[in-house]
Structure formats: C-alpha cells, structure tokens
Amino acid sequence: MLSRTADSLFWLGRYSERAGNVARGLGATLRMALLAHPVSRADSEWRALIIATGCEPGFRALVGETSQPGLQDEAVRWLTLDPANPSGIAACVEAARRNGRTVRTALTVDMWEAINDTWIEFRRLDSSAIRGDRLPGFLDWVRSRTLLFNGAAADTMLRDDAWRFCHLGTILERADNTARLLDVRHGAFAPDAAADAACYAQWQAVLRSVSALRAFQHVYHARLDPARVAELLILRPELPRSLLACYRRVESTLDVIAAANGGQRGECHRMAGAMHARLRYGRIESILEGGLHDFLTGIIDQNIALGQEIAQMYLSGRQM
Amino acid sequence: MRADGGIRSPYAEMARFLEATGQAALDQKRREAEVLFRRIGVTFAVYTEGGDPERLIPFDVIPRILSRAEWDRLASGLEQRVRALNAFLADVYGPQEIIRAGRIPAELIRGNEGFLPQMVGFTPPGGVYTVISGIDLVRTGPDEFYVLEDNCRTPSGVSYMLENREAMMRLFPEAFTRHSIAPVSHYPEELLETLKSLAPAGCSGPPTVVVLTPGAYNSAYYEHSFLADEMGVELVEGADLFVRDKIVYMRTTAGPRRVDVIYRRIDDDYLDPEAFRPDSALGVPGLMAAYKAGNVALANAPGAGIADDKAVYPYVPEMVRFYLKEEPLLSNVPTFMCERDVDRDYVLSNLDKLVVKLARGSGGYGMLVGPHATQEQRDDFAARIRARPGDYIAQPTLALSTVPTLCESGVGPRHVDLRPFILFGRSIRMVPGGLTRVALREGSLVVNSSQGGGTKDTWVLDEAAPPAGSSQSQSQSQSRAAAEPPPGPPANDPAGGGS
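Remember, predicted model here, so these are calculated numbers, not experimental data.

Caption draft 1: Layout of the overall build of chain B. A count of helical and extended segments in chain B gives 14 helices and 23 strands. Per-residue burial for chain B yields a buried fraction of 50% across its 499 residues. Pairs at least 24 residues apart make up 73% of the contacts formed inside chain B by residues separated by at least 6 positions.

See below:
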C-alpha cells in the first residue's frame with residue numbers, strides 16, 4: 001500500500017474516533033457541571049476538559065484566564081462548532097472527511113457515506129444546534145456517527161492493510177482518549193480523596209464517558225470505588241475501551257501489518273509490545289501508589305511516541 | 001434534432017417514451033439522479049464561484065442517441081484523426097518534414113509554448129504520444145459532424161460518461177430492455193490494457209501502472225480516483241514517487257516499489273521540477289530523465305499539447321492528407337486566425353456573425369459569441385483583437401442540432417457536443433459514444449461545466465429502433481425549434497487538468 005494512503009487511513013481512523021471522543025468527554029462534563037455548585041466549580045470542570053482534550057492554549061487565547069459568565073457556552077462552542085480548534089468536533093469531522101476523500105478508493109461505500117453524510121449534515125448546523133436543550137441530542141448524534149463509521153468499517157472492509165491502518169488509528173486514538181478522560185478526574189482517584197457524593201459523581205462520569213457504567217456492575221457486582229473504576233479503565237481486558245484492550249489490539253494489528261509488508265519489524269513493534277506487556281501484567285494498587293496522574297501522562301506521552309514510530313516505519317514513505 | 005426541426009429516427013421511440021412518462025415522473029427521476037450522484041461523491045470543483053466548492057454537474061435524464069451506423073462513421077473519422085495527430089507529433093519532434101514541405105509554418109511550432117524542446121529526438125514507448133485523446137464534435141446535419149477541438153494532453157470527462165450510464169441503468173432499467181444499447185462499462189479495462197501495452201522493454205512480470213494526480217483539490221480529482229479504482233491501480237501524487245538511478249519508485253508501506261507506466265493527469269509544466277517549472281511541488285524530480293532513459297512510460301507523452309493547440313488546429317486536415325495520404329473523414333470548423341491580415345480584417349468586420357476565442361483559452365472563459373453579444377461587448381473584443389491579434393481565433397456560427405432535454409418548463413431542445421475518447425496503444429480502441437455535454441440555458445451554446453453546462457448519457461443503438469408513428473411531441477418540438485435564435489458553435493474545454 002502507498003505510504004500516503006496508509007497515512008490518510010490512519011488519520012481517518014483517528015479523527016473519526018476523536019470526534020466521538022470529544023462528544024463523550026463533553027457529555028460527561030456537562031453532567032458534572034449541572035451538579036456542580038457554585039459556578040466556579042462548574043467552570044473548573046470545563047477548564048479541566050479543555051486541558052484534557054489538549055486544546056487549552058487556543059481556548060485561553062479566546063476567553064482569558066479568569067472565570068466569567070458564559071464560560072460554559074464558550075467552552076461548548078470551542079469544542080463543537082469552532083473550526084479554529086484543531087481538536088474540536090468541527091475540525092475532526094472536516095479532517096476525517098478530507099483524509100477519507102483522498103483515499104476514497106480504499107474505503108467501502110458504506111464507510112464513505114458514513115463520513116460524507118456526517119460532513120454534509122455538519123455543514124448545515126448553526127449555533128442553535130448546541131444551545132441548551134439541544135446539546136445532549138447533538139452530542140449523541142456525534143457519538144452515533146462515530147459508532148456508525150466504526151460499524152461500517154468493521155462490517156464492510158476487506159481485512160487488508162486498508163482496514164489495518166484505519167483500525168490502528170482508531171484504537172490508538174481510543175487509548176489516548178481513555179487515558180485523557182481518566183486523567184481529567186485523577187483528583188477523585190487520589191488516596192486522600194474524600195469518598196463523598198462529589199467524588200462518586202466523578203467516578204460515575206468517568207464510567208459514563210466510556211459507556212461503562214453498567215459494565216462496572218457486570219464485572220464487579222459492587223459499589224463504585226476508585227481503585228475498581230481505575231482498574232476497569234486501565235487493566236481489564238473485557239472492556240473494549242480499556243487501555244489494555246486497546247494496546248492488545250495495537251500490538252496484534254502491528255504484528256499483522258509487519259507480516260503483510262515483508263516481515264520487517266521496527267521500534268513501533270517493540271514499543272507496542274512493551275506497553276501491552278506493562279498493562280497486561282500491571283496491578284492497579286501499584287499504579288495508584290505511584291500516582292494516577294503520572295501514570296496516565298506517561299501513557300499519553302508514550303502513545304504520542306508510538307504514533308511517531310508508526311509514522312516513521314509505515315506512513316512517511318521511507319526510501320529503503 | 002435536426003437543425004431544420006425534424007426528429008431523427010433513432011429518437012422516434014424516445015419521443016414516445018417521453019410522452020408516456022410525463023413531466024412529473026421525469027422530474028422525480030431527475031431528483032433521484034441528483035441524490036445518486038451526491039451520494040457516490042461525483043463532484044466537480046469550480047474555482048471561480050463561492051458557495052459549495054464541490055458542485056454536482058447537472059445531469060440530464062434524457063439520453064442523447066446515435067445509431068450504430070452513425071457511430072461507425074464517426075469512429076473511422078476519429079481513428080484517422082488520432083493517427084494523423086500522432087504522426088504529426090512524431091514528425092514535429094523528429095525530422096519536421098511537414099514544415100520542410102511548407103504545409104505548416106515553422107514559426108507556428110517554434111514559438112509555441114506547447115512545443116517542448118526536451119522531447120526533440122526522443123521516441124516515446126510504442127511511438128505513441130496521445131495514448132488517451134478526446135475529440136470534441138458538434139453535429140450540424142444528418143451526416144455532418146465538425147471537430148471543434150482536439151484534446152491531446154489530459155482530456156477529462158470519461159468518468160461522467162461511465163457514471164451517467166450507471167445512473168441511467170438504475171433510473172430507467174425498462175429502457176435498456178427495449179433498446180439494444182452498446183455498453184461502455186469496459187472502458188477502464190481497455191484503458192488498463194492500453195497502458196500496460198506501453199510498459200518499458202526492461203519490465204519483467206506484470207507492469208505496475210499508476211494514475212498520477214495533482215491531488216484532492218484538483219477539479220477532476222474525482223475522475224482520477226474513479227479511474228484508478230476501476231483499473232485497480234494506485235492513485236499517486238508526486239510526493240508518493242521518487243526517482244533513483246533513473247528508475248521510478250513509489251513509496252509503500254513495504255518499502256519502495258518500481259513503477260512502469262504512469263497515467264499522468266498533471267500538466268507538462270508540473271511533471272518534473274528538474275526539467276520544467278522548478279517551483280512545482282506537484283511533480284517528481286528526475287521523472288523526465290527516467291522517461292528518456294526508457295525506464296518508465298508516460299501517458300500522454302509530454303509535449304503532446306502542441307497537437308491540440310488552437311493555432312495548430314486549422315492544419316489538422318492537412319496532416320491527414322500529408323501523413324496518411326487520405327482525405328479527412330471529419331471536417332474542421334473553418335477558422336480565421338486573427339494573426340493573418342486577411343483573416344483579421346474579415347473577423348473585425350463580421351464580429352456579429354462569429355465566435356471569437358482565445359487561441360489558448362480554457363473552460364469557455366474569455367470568448368465572444370458574436371450573434372448574442374451587445375455592441376459594447378463586440379467593440380471591446382475588437383479592441384482586444386487589434387491589440388493582440390495572435391491571441392485570438394474566430395469561427396463562424398454553425399446551425400447546430402439540438403437534442404431533447406429536461407428543463408424547468410418541460411422538455412425542450414438544447415445544444416450539445418460530443419467528446420468521444422480514443423485509446424491508442426498497440427492498436428486504437430474506443431467504446432461507442434462518449435461524453436455528451438449540454439448547454440442547459442435556452443439558446444446557449446456554452447456546454448462547459450464551469451459555465452452552466454450539464455451532461456447526458458450517450459446511447460449508441462446497436463440496431464434501428466422500430467419505425468416511428470407520427471406523434472404530437474414531434475410537431476410540438478418543431479415549433480419550439482423554429483422559435484430558436486440562430487445558433488453558433490458551442491464553446492468547450494480545452495485539454496488540461498482543469499477541464
């Protein structure tokens with residue numbers, strides 16, 4: 001496969017997944033902000049989300065440092081419709097389609113329609129789509145479009161390199177997102193965190209954002225507690241959005257790609273294997289002891305490095 | 001429809017069909033067609049307008065019909081013309097006998113920007129320059145077709161020919177069971193076979209063919225990706241290729257892979273920054289060196305554009321006589337070259353009867369349709385011609401035929417042209433028909449998609465339709481045609497990525 005095609009498929013997978021993930025993060029924060037009083041607490045919820053999605057500098061430039069009336073509206077607009085935010089839903093939809101269009105022939109009709117219809121629909125939206133009562137419906141729609149795209153890819157693509165690179169982008173992005181969603185609320189997982197109603201709501205929000213509130217009950221049959229919640233999202237193989245589940249698939253997908261491209265392996269294969277092993281044999285107690293925030297930022301950094309190694313090996317078109 | 005208002009026999013059954021179907025059903029079909037095209041993403045980027053950058057080219061659901069006998073006559077003429085154009089290219093980059101024989105003025109070639117000195121003395125693979133050409137035709141009578149222009153660089157539109165047919169088969173399956181319509185869907189296979197036949201001698205195993213595109217922002221990008229997909233080959237951009245030791249490779253996930261044949265859809269100037277424009281980011285450094293070393297085939301050959309230059313066009317009939325020792329089967333539209341004093345005087349005193357074009361214009365921009373222009377516009381053009389006579393050519397208006405077309409107010413006559421595509425590898429291949437473009441505005445002669453033109457499916461009927469009974473629609477169409485203003489020749493796209 002052309003390196004550029006692999007690159008576009010990889011980023012198509014990433015951006016499509018990211019659009020859905022931003023909607024997930026927003027949904028959880030919206031819920032928390034409704035519960036939070038006073039307003040300053042709600043505002044810090046929004047700022048935390050903006051930091052987690054990696055688009056804080058642009059937002060700071062937009063609204064300044066301090067709390068102010070209407071911060072929530074600004075944050076929502078920044079994360080949804082503002083094309084100036086490279087991590088916002090608008091930019092993700094645009095970038096997913098742009099990448100999809102350049103590899104139109106590598107996609108199935110169902111995948112293309114999932115991307116293209118989203119893009120067409122998105123262009124029709126105005127600011128009323130994210131106002132007040134319509135926001136939850138909008139976020140559900142974005143999530144459902146990502147699910148449709150993933151379903152179309154899983155159900156209609158030949159299992160060749162096109163599928164593998166698209167899938168690799170999707171799960172690498174998902175791992176990144178799970179780490180970030182958890183990291184936004186790492187305070188609620190600190191050993192000294194009070195197990196009060198506010199913390200409980202935080203744990204719930206985390207689970208909700210990865211569609212795992214019910215899954216928690218099915219796995220643990222117990223009340224929410226921080227160690228179990230963190231374990232579910234980081235170390236449990238059953239949860240498809242857990243870090244372990246994502247890295248298991250990153251590693252196996254990279255293995256198949258190596259086999260299909262002449263058997264050569266590189267640093268990306270070693271890193272993916274090492275990250276998978278660390279999660280597979282990790283224990284939640286030691287992770288929490290060492291500090292959840294440090295652990296998660298470590299994962300996020302390694303994830304970025306892994307993405308660079310994958311690009312180096314397959315996407316940038318090495319000449320040898 | 002004929003210029004005198006009658007209906008040609010291949011249309012007789014269509015006339016009955018249109019009457020039976022009715023306006024409402026046709027409108028419904030038109031809407032279905034639009035949804036279809038939008039969904040599969042057949043779009044065309046229009047540079048000069050605001051709004052939606054990816055616009056649909058309007059598709060007319062009423063097909064344009066040719067009989068097999070008509071097509072066969074056209075096909076012989078097209079083959080003859082393409083052979084003559086190739087012989088001309090081989091000559092002009094070789095011994096230049098046609099110039100020495102005094103049949104074409106030397107300065108026409110020497111000073112022409114379509115002439116590439118880099119190609120002098122080099123013979124492309126198979127001796128073929130115009131592997132894919134599109135010849136634009138208009139019809140003025142039952143057996144009278146004129147060539148409006150030749151497209152020898154990167155003619156586009158074949159994807160619309162194919163998608164239009166797919167859409168018609170989906171919208172009107174009944175019609176396809178009643179008529180025996182010559183298929184066109186094998187075009188991509190024919191194209192691939194033609195391209196493979198040009199593979200360099202040193203190529204071992206099945207040749208690797210690629211389509212080279214300027215990228216997703218090119219107006220014809222959809223076509224590039226469509227053809228690559230249909231042929232099952234890679235669609236590459238310049239940055240996907242590199243040259244080492246005069247061999248072309250593409251960058252793949254499994255490392256470099258050798259490329260044998262490149263169907264390039266980027267213009268000569270941008271092909272190779274080392275050989276042509278140094279600022280081009282679209283091309284591949286070293287590509288021309290690899291090409292001239294015989295390690296890769298390019299379709300079409302660089303420099304083929306000299307054959308479709310508007311100033312060279314008047315000499316094509318002469319090329320047929322000179323190289324093939326035959327009389328041309330297809331006629332040129334008589335063309336006045338404003339550079340010549342006699343021609344210019346005639347043009348300036350007959351602007352109200354002529355169509356004036358830029359000798360190197362594109363996409364129907366910068367032209368004057370004399371009979372439809374205001375005095376002010378004509379004066380403006382007269383001044384421009386006096387200032388730069390070499391930039392302009394003029395042609396008389398022709399009594400163009402029209403075909404029935406679905407318009408806002410019902411079915412009405414509209415002017416059309418026809419672009420058949422001719423493939424030239426070891427032999428010449430064509431699929432019957434081509435792309436029909438239609439001027440959707442009443443009385444308009446401009447068929448360019450950038451100027452409000454649309455397209456139609458083109459049917460070559462393998463056998464004559466059953467004899468027509470007299471019908472109401474015939475006489476209605478007749479009165480409509482009589483009320484029309486006198487037509488001139490339609491404008492059309494020249495070659496190039498933008499057409």
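Caption draft 2: Representation of the overall build of chain A within the structure. For chain A, the count of helices and strands is 15 helices and zero strands. Relative to the globule expectation of 20 Å for 320 residues, the C-alpha radius of gyration of chain A, 19 Å, shows essentially globular dimensions. Each principal axis of the C-alpha distribution contributes one length, and for chain A these read about 60 × 50 × 35 Å. By residue count, 49% of the 320 residues in chain A fall in the buried class. Across chain A, every contact between residues at least 6 apart in sequence was considered, and the portion connecting residues at least 24 apart equals 72%.

Caption draft 3: Summary view of the sheet that holds strand S17 (residues 392-396) of chain B. If you trace the four strands from one edge of the open sheet to the other, you get S14-S17-S15-S16 (chain B), paired in antiparallel fashion. On the outer flanks of this sheet lie strand S14 (336-337) and strand S16 (368-369) of chain B, each paired with one strand and no other.

Caption draft 4: Region of interest: the sheet that holds strand S10 (residues 255-258) of chain B. All names here are of chain B. Taken together, three strands build an open sheet; the order of strands is S8-S9-S10 and the sheet is antiparallel. Edge positions in the open sheet fall to strand S8 (241-244) and S10, since each of these has one partner strand only. Sheet twist, expressed as the average angle between the axes of neighbouring strands with direction ignored, equals 40°. Inspection of the sheet shows S8 paired to strand S9 (residues 247-252) by four bridges, in the antiparallel sense. Within S9, the residue paired with phenylalanine 242 across the bridge is tyrosine 249.

Caption draft 5: Structural detail: the packing of helix H1 (residues 3-35) of chain A against helix H7 (residues 135-156) of chain A. All names here are of chain A. H7 packs onto H1 with a crossing angle of 150° between their chain directions and a minimal axis gap of 8 Å. One way to sum up the angle between H1 and H7 is to call them roughly antiparallel. Handedness of the H1/H7 crossing: left-handed. In this structure, H1 contributes Ser16, Glu17, Ala19, Gly20, Ala23, Arg24, Leu26, Gly27 and Leu30 to the contact, and H7 contributes Leu135, Leu139, Val142, Arg143, Thr146 and Phe149. When its residues are assigned to classes, the contact of H1 with H7 shows eight nonpolar, four polar and three charged.

Caption draft 6: The arrangement of the pairing of strand S6 (residues 209-212) of chain B in detail. Residues and elements named next belong to chain B. Every second residue of S6 is oriented toward a common face, with Val209 and Val211 on one face and Val210 and Leu212 on the other, all of them buried. Alignment of S6 against strand S11 (residues 261-264), held across four bridges, turns out to be parallel. Note on S11: the bridge partner recorded for leucine 212 is arginine 264. Across three bridges, the pairing between S6 and strand S7 (residues 234-236) is parallel. Directly across from leucine 212, in S7, lies its bridge partner valine 236. Regarding topology, helix H9 (residues 221-231) serves as the crossover connection from S6 to the parallel S7, and that connection is right-handed.

Caption draft 7: Layout of H9 of chain B. All names here are of chain B. The element H9 is largely enclosed, with a buried count of nine among its eleven residues. Where H9 is buried, its residues meet helix H6 (158-171), helix H8 (187-196), S6 and S7. Downstream of H9 by one or two residues, glycine 232 has phi in the positive range, about 70°.

Caption draft 8: Geometry of the interface of chain A and chain B. Across the boundary between the two partners, chain A contributes 19 residues, which contact 19 residues of chain B. At the level of secondary structure, the elements contributing two or more residues to the side of chain A that touches chain B comprise H1, helix H5 (89-102) and helix H6 (109-124) of chain A.

Caption draft 9: Inspection of the pairing of strand S15 (residues 354-358) of chain B at higher detail. All names here are of chain B. Most of S15 sits out of view: four of its five residues are buried. For S15 and S17, the ladder comprises five bridges, and the chain directions are antiparallel. Paired with lysine 357 across the two strands is isoleucine 393, which belongs to S17. One ladder, built from two bridges, connects S15 with S16; its direction is antiparallel. Residue pairing across strands places valine 356 opposite leucine 368, the latter belonging to S16.

Caption draft 10: Layout of the environment of phenylalanine 424 of chain B. All names here are of chain B. Mapping phenylalanine 424 onto the fold places it in strand S20 (residues 421-424). By the C-beta count within 10 Å, which is 26 here, phenylalanine 424 ends up buried. For the pair phenylalanine 424 and arginine 83, spaced 341 residues apart in sequence, the C-alpha separation works out to 8.7 Å.

Caption draft 11: Just unusual backbone geometry, in detail. The amide bond that connects alanine 299 of chain B to the next residue, asparagine 300 of chain B, takes the cis arrangement and shows omega of -5°. As for its position among the elements, asparagine 300 of chain B is in the loop between strand S12 (297-299) and helix H11 (316-324). Non-glycine residue serine 211 of chain A carries a positive phi angle of around 55°. As for its placement among the helices and strands, serine 211 of chain A is situated in the loop between helix H9 (197-209) and helix H10 (213-220).

Caption draft 12: Local environment of the environment of arginine 83 of chain B. On the secondary structure map, arginine 83 of chain B appears in helix H3 (residues 68-92). Distance in space between the C-alpha atoms of arginine 83 of chain B and proline 142 of chain B is 25 Å, their sequence separation being 59 residues.

Caption draft 13: View of H1 of chain A. Taking 1.5 Å as the rise per residue, H1 of chain A with 33 residues should run 48 Å; its terminal C-alpha atoms sit 48 Å apart, in good agreement. With 29 of its 33 residues buried, H1 of chain A lies for the most part within the structure.

Caption draft 14: Spatial organisation of the confidence of the model for chain B. Residue and element names in this part refer to chain B. Taken as a whole, chain B shows an average pLDDT of 84; of its residues, 85% reach a score of 70 or greater. Of the regions scoring below 50 in pLDDT, residues 46-51 engages in three contacts with residues more than four places distant in sequence or in other chains. Low pLDDT, under 50, characterises residues 465-499; the stretch is placed with 107 contacts to residues that sit more than four places away or in other chains. Confidence metrics for the complex model read pTM 0.79 and ipTM 0.81.

Caption draft 15: The arrangement of the environment of arginine 123 of chain A in detail. Relative to the elements of secondary structure, arginine 123 of chain A occurs in helix H6. When the C-alpha positions of arginine 123 of chain A and leucine 81 of chain A are compared, they lie 9.7 Å apart, and in sequence the two are 42 residues distant.

About the criteria used
- Residues numbered from 1 in each chain as written.
- Chains lettered and ligands numbered in written order.
- Predicted model: local features only at pLDDT ≥ 70, side-chain atom pairs only at ≥ 80, totals over all residues.
- Helix = DSSP H or I, 4+ residues; strand = E, 2+ residues; numbered from the N terminus.
- Buried ≥ 20, exposed ≤ 12 C-beta atoms within 10 Å, placed from the backbone.
- Contact = placed C-beta atoms within 7 Å.
- Rg over C-alpha atoms; globule rule 2.2 N^0.38 Å.
- Pairing = 2+ DSSP bridges.
- Axes fitted to C-alpha atoms, helices over the stretch in contact; angles between N-to-C directions.
- Parallel < 35°, antiparallel > 145°, perpendicular 65-115°, else oblique.
- Left-handed = near helix turned anticlockwise from the far one by under 90°.
- Nonpolar A, V, L, I, M, F, W, Y, C, P; charged D, E, K, R; others polar.
- Right-handed = clockwise from strand over helix to strand, strands pointing away.
- Expected span 1.5 Å × (residues − 1).
- pLDDT = per-residue confidence, 0-100.

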